Amino acid sequence: MNNIVKKRFVAASLIAAMSLVSACAGNGNNAASPSASAPASSSASAASPSASAQPEAGKPDPNAKYDPPIEVTTVRYTDSSFKFKDGESLDNNAWTRAYEEELGIKVKNKWIVNGDQFNQKMNLSITSGDLPDLFMVDAKQLRELAEGGMLEDLTQAVADYGTDLTKEMIDRGTNAKAAATYEGKLVAIPPAEDYLGGAPLLWVRTDWLQKLNLPEPKTMDDFLKIADAFANQDPDGNGKKDTYGLAASKDVIGGYPDLSGFMNGYHAYMNVWIKDSSGQLVNGSVQPEMKTALGKLQELYKAGAIDKEFGVKDGGKVAEMQTAGKIGMNFGAMWNPLWPLQDNVNADKNAEWGAFPIPSADGTPASAQANADFNSFWVVKKGAAHPEAIVKLFNVYNEKIAGPNAEPQTYHTVDGMEVFKYAVMANGFGTPQGLLTVHKNVVAALKSGDSASLLPEEKGYFDKIKAFEGGDRANWGTNKVFGEGGSWAVIGQNYVDGGLLMKNAYYGPPTPGMTEKKAILDKLVLETFTKIILGSPLSDFDKFVSDWNKLGGEQITKEVNDWYASRS
C-alpha cells in the first residue's frame, strides 16, 4: 500500500474504529448494543436524524429522497482488510442499500483497485478526463483539478443540504476547510482536522516502575534513567538481559512506535513546519534542536536501551516484542492502549501501563507536535448532474456512524467485518464533537453514575469502562483511552489546557518543490537520522542540513513562506 493511501486507510480505520470501538458490546463481535438509545429503524436514523436537521421554510430538505432515483458514479479501492459477507461487495452492501432505500441514490463504482494502485489509477483518470461524478483525491490532485476548473463549487450545496451534524464536522476543522477551499470556494469535502488525536504521549510500564522502585517520568532525565533501568535491571524478573527501555522501528516516526515524542522533549519537531524567532516558517527536521535529540537517541542505542535491530523492524514486529513483555516504554498516540498495549495486558495479568505527557529536557514544558494530514478530499466533477448528492451521502455517513441514532451494529462492525469501510465517505471524519469532549462526557457520567444523557457512542465507552471496573481486563484499553487518567485526560489537561500543542504551520497543497523533491528529502531525512542513531558521527547532521537545502529544501522553504505570507 503506498504512503498516501496508507495514511488514508489509517485515518479511516483508526479514527472511525476509535469513534465506535467501545460503542460495541454484547454478542462478542464488537457489535454495539441498541439499548443505549431508543430503537430506530435504519430508515428513520438517516431520514430523520434530528429535529434540528429539519429544513427551514423555503430551504431544500437535506433528507429528501430522489424520486425517481438517480445514479452517481465513483471509484474506490480495497485491500486485504476488506471482508464481505457471501454475496456482498463494494457494489452491494448495507451502505449501498441504505443509499438507495433512504436517498434514492444508486452508487455505481466505475472501477475498484487495490490500495497501492489507487493514486496511479486516479491520475490516469484525471489525465484522460474520464472522471466519475464524485471521487477521492489527494492534496496535489485537488490543486490541479481546482486550477483547471474541473470541480464543482460545493459551498452552496453544503449550506443547503448539509445537516447540522455535517456542517459541524466540516466547520470544526478550520485549517482542513481552508485546505479544501480554492479562490474562496469550497471545492471539496475536507478530511477531519485531528490535531489532538495524533499528539504523542509517553506510555510506560508502571508495574515495572514499581518493581524497580523508580519515580514516574516528569523530566527527560527521569525518562533516560528509566530507559536504562528497564534495559539493564531485569524488570521482568527472568534473570536475562532481554528487555529494552524504548520502542523504535525502521520508520522512526509515524503511527507506532513514534519517536517524535522523544524529539519533542528536546523541542525538536521532525517533518513539521514551525515559526522561528523572526516569524518565518522553517522545517523542524533541520533545526539545531534535532541534532541534540538525535545525539540522545544515539546514547540510548549504545547503552542497549533500544533494540539493536530496530532499523530493520516494522511496527508490527516491534508490537510483537511489546506484547511479549520485552519493551517498557514507547512514544505513541492516544490509541496505543487498544493496540498493541491491550495485547500485552491480555498476555500478562500483572502488566500495567500509564500515559504521561512528553517530559522536557529543560525548564520549558515540552510541546507535543500535532500533525493533521490534509491529504484526502472528496470532490465532485464539474458538470455532474447532482453535485448536492455528495452532501446527502455524507449526511447518511455521519448520522449512522456518529449521530444520536447511530447504528454501529449494522454500519460499523459486523461479525468482525469492518463495514464502515464500505461507505463512500469513509475517510476518517471521526466524531462531530471531538473525542476529547466524548472523554469528558464519559468521565462525568462515570462520576455521577448517570449515563442517560450520553450519545450511543459515549454510552458504549461508558459500558466498557464499567465492565473493566468490574474486573473485565479485555476492556482495559478502552478505560485507558477514555477513562480517568487515560490518554485523553493527558491530552486535555496538559496539551490543551496548557497550550502545549505544536501544530504544523503549513497546511496548504504540495508546492512545486514538494511535488518534485519531497520524496528525495524524506528519504534523506530517514536515512540520515537512522544512521546517526545507529552510531554515525553526530557531525553528519551538519552535512545533512546542507544537503537538505541543496536538494530542494531551500526552494521548498521559500515556497512555504510565500504561501504563509499570502494568507496573512
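Criteria and cut-off values
Residues numbered from 1 in each chain as written. Predicted model: local features only at pLDDT ≥ 70, side-chain atom pairs only at ≥ 80, totals over all residues. Heavy atoms only, no water. Helix = DSSP H or I, 4+ residues; strand = E, 2+ residues; numbered from the N terminus. Buried < 20%, exposed > 50% of the residue type's maximum accessible area, 1.4 Å probe, protein only. Areas by Shrake-Rupley, 256 points an atom, 1.4 Å probe, with all protein chains shown as cover. Pairing = 2+ DSSP bridges. Axes fitted to C-alpha atoms, helices over the stretch in contact; angles between N-to-C directions. Contact = heavy atoms within 4.5 Å. Core = buried A, V, L, I, M, F, W, Y, C linked by side-chain atoms within 4.5 Å. Parallel < 35°, antiparallel > 145°, perpendicular 65-115°, else oblique. Left-handed = near helix turned anticlockwise from the far one by under 90°. Nonpolar A, V, L, I, M, F, W, Y, C, P; charged D, E, K, R; others polar. Expected span 1.5 Å × (residues − 1). Salt bridge = Lys/Arg side-chain N within 4 Å of Asp/Glu carboxyl O. Bend = angle between axes of the 7 residues up to and from the residue. pLDDT = per-residue confidence, 0-100. Phe/Tyr/Trp six-rings, centres within 6.5 Å; stacked < 30°, edge-to-face > 60°. Lys NZ or Arg CZ within 6 Å of the ring centre and 35° of its normal.

**Looking at the overall build of the chain**
Moving on, step 1. Counting its secondary structure elements, the chain contains 22 helices and 15 strands.
Moving on, step 2. Burial analysis of the chain (568 residues in total) assigns 56% to the buried set.
Moving on, step 3. Counting every atom, the chain has about 23,100 Å² of accessible surface; 50% of that belongs to carbon and sulfur.

**What about the pairing of strand S9 (residues 329-332)?**
Moving on, step 1. What you see with S9 is no split at all: Met329 and Phe331 on one side and Asn330 and Gly332 on the other are buried throughout.
Moving on, step 2. For strand S6 (residues 201-205) and S9, the ladder comprises 4 bridges, and the chain directions are antiparallel. Opposite Leu202, over in S9, you have Phe331 as the bridge partner.

**Here we look at the pairing of strand S10 (residues 353-356)**
Moving on, step 1. Both faces of S10 are covered, namely the face carrying Trp353 and Ala355 and the face carrying Gly354 and Phe356.
Moving on, step 2. In this sheet, S10 lies alongside S6 in antiparallel orientation, the contact comprising 4 bridges. Within the sheet, the bridge partner assigned to Trp203 lies in S10 and is Ala355.

**Quick look at the sheet that holds S9**
Moving on, step 1. The antiparallel open sheet is built from 3 strands, whose spatial order is S9-S6-S10. The sheet is open, and its two edges are formed by S9 and S10, each paired on a single side. For this sheet the average axis-to-axis angle between neighbouring strands, irrespective of direction, equals 25°.
Moving on, step 2. Across the face of the sheet, helix H20 (residues 487-496) comes into contact with S6 and S10 while running at roughly 135° to S6.

**Quick look at the environment of Phe529**
Moving on, step 1. Structurally, Phe529 can be placed in helix H21 (residues 512-534).
Moving on, step 2. Overall, the relative accessible area of 0% leaves Phe529 in the buried class.
Moving on, step 3. Spatially, the C-alpha atoms of Phe529 and Ser285 are 9.6 Å apart, while their sequence positions differ by 244 residues.
Moving on, step 4. Ignoring sequence-local partners within four residues, the contact set of Phe529 consists of Met263, Met270, Ser285, Met290, Leu294, Phe541 and Phe544.

**What to know about the nonpolar core**
Moving on, step 1. Core analysis: the biggest nonpolar cluster contains 159 residues, and Trp95, Phe223, Met263, Leu297 and Leu300 have the highest contact counts within it.
Moving on, step 2. Once residues lying within four places of it in the same chain are set aside, the contact partners of Trp95 are Val396, Tyr397, Lys400, Ile401, Tyr411, Val419, Phe420, Tyr422 and Ala423.

**Topic: the packing of H21 against helix H22 (residues 540-567)**
Moving on, step 1. Running from N to C, H21 and H22 cross one another at 155°; their axes reach a closest spacing of 10 Å. Taken together, the axes of H21 and H22 lie roughly antiparallel to each other. Seen from above, H21 lies across H22 with left-handed handedness. Between H21, through Pro512, Gly513, Met514, Lys517, Leu521, Leu524, Val525, Thr528, Phe529 and Ile532, and H22, the contact on the second element is made entirely by Phe541, Phe544, Asp547, Trp548, Leu551, Gly552, Gly553, Gln555, Ile556, Glu559 and Val560.
Moving on, step 2. Its residues assigned to classes, the contact of H21 with H22 shows 13 nonpolar, 5 polar and 3 charged.

**Quick notes on helix H17 (residues 435-448)**
Moving on, step 1. With 14 residues, H17 ought to run about 20 Å at 1.5 Å a step, and its terminal C-alpha atoms sit 20 Å apart, in line with that.
Moving on, step 2. Considered for burial, the residues of H17 that qualify are Leu435, Leu436, Val438, His439, Val442, Val443, Ala445 and Leu446.
Moving on, step 3. Gly449 sits one or two positions beyond H17 and adopts a positive phi of about 80°.

**Quick look at the environment of Gly325**
Moving on, step 1. Along the chain, Gly325 falls in the loop between helix H13 (315-323) and S9.
Moving on, step 2. For Gly325, the residues in contact, after removing those within four places along its chain, are Arg205, Trp208, Asp236, Thr243 and Asn344.

**Let's talk about unusual backbone geometry**
Moving on, step 1. Cis geometry is found at the peptide bond from Asp67 to Pro68, where omega equals 10°.
Moving on, step 2. Within the element layout of this structure, Pro68 appears in the loop between helix H2 (42-47) and strand S1 (70-78).

**As for the pattern of salt bridges**
Moving on, step 1. Per the stated rule, a full pass over the model turns up 24 salt bridges.
Moving on, step 2. Note that Asp171 is salt-bridged to Lys177, the shortest N-O span being 2.8 Å.
Moving on, step 3. In this structure Asp171 comes out as partly exposed when scored by relative accessible area, which is 44%.
Moving on, step 4. Between Asp562 and Lys558 there is a salt bridge, with its nearest N and O atoms 3.0 Å apart. One end of the pair is Asp562 and the other is Lys558, both in helix H22 and 4 residues apart, which spans about a single turn.
Moving on, step 5. With relative accessibility at 43%, the residue Asp562 sits in the partly exposed group.
Moving on, step 6. The exposed category is assigned to Lys558, whose relative accessible area is 56%.

**Details of H22**
Moving on, step 1. When the local axis directions of H22 are compared, the greatest deviation, roughly 70°, occurs at Lys550.
Moving on, step 2. Within the sequence span of H22, burial applies to Phe541, Phe544, Val545, Trp548, Gly552, Gly553, Ile556, Thr557, Glu559, Val560, Asn561 and Trp563.
Moving on, step 3. Looking at the buried side of H22, the elements it contacts are strand S7 (273-275), strand S8 (281-283), helix H12 (288-302) and H21.

**Digging into the side chain of Gln369**
Moving on, step 1. Here Gln369 is to be found in strand S11 (residues 368-370).
Moving on, step 2. What makes Gln369 buried here is its relative accessible area of 3%.
Moving on, step 3. Ignoring anything within four residues of it in the chain, the contact list for Gln369 reads Gly198, Ala199, Pro200, Ser260, Asn264, Ala268, Tyr269, Met270, Val272 and Met502.

**Some remarks on the confidence of the model for the chain**
Moving on, step 1. Scored by pLDDT, the chain comes out at a mean of 88, with 88% of its residues at no less than 70.
Moving on, step 2. Segment residues 1-53: pLDDT under 50, and 132 contacts once partners within four positions in sequence are set aside and those in other chains are kept.

**Topic: the packing of aromatic side chains**
We describe a pair of aromatic rings using the distance from one ring centre to the other and the angle between the two ring planes.
Moving on, step 1. Throughout the structure, instances matching the rule amount to 21 aromatic pairs.
Moving on, step 2. Among the aromatic residues, ring-to-ring pairing joins Tyr195, Phe374, Tyr506, Tyr507 and Trp563 into one connected group.
Moving on, step 3. Above the plane of the ring of Tyr66 lies Lys392, whose end atom (NZ or CZ) is 5.3 Å from the centre.
Moving on, step 4. A cation over an aromatic ring shows up here: Lys421 above the ring of Phe82, its NZ or CZ 5.6 Å from the ring centre.

**Overview of the packing of H12 against H21**
Moving on, step 1. Closest axis-to-axis distance for the H12/H21 pair is 7 Å, and the angle between their directions is 45°. Between H12 and H21, the angle falls in the class oblique. The residues of H21 that touch H12, namely those facing Met290, Leu294, Leu297, Gln298 and Tyr301, are Phe529, Ile532, Ile533 and Leu534.
Moving on, step 2. Classifying every residue of the contact of H12 with H21 by side-chain character gives 8 nonpolar, 1 polar and no charged.

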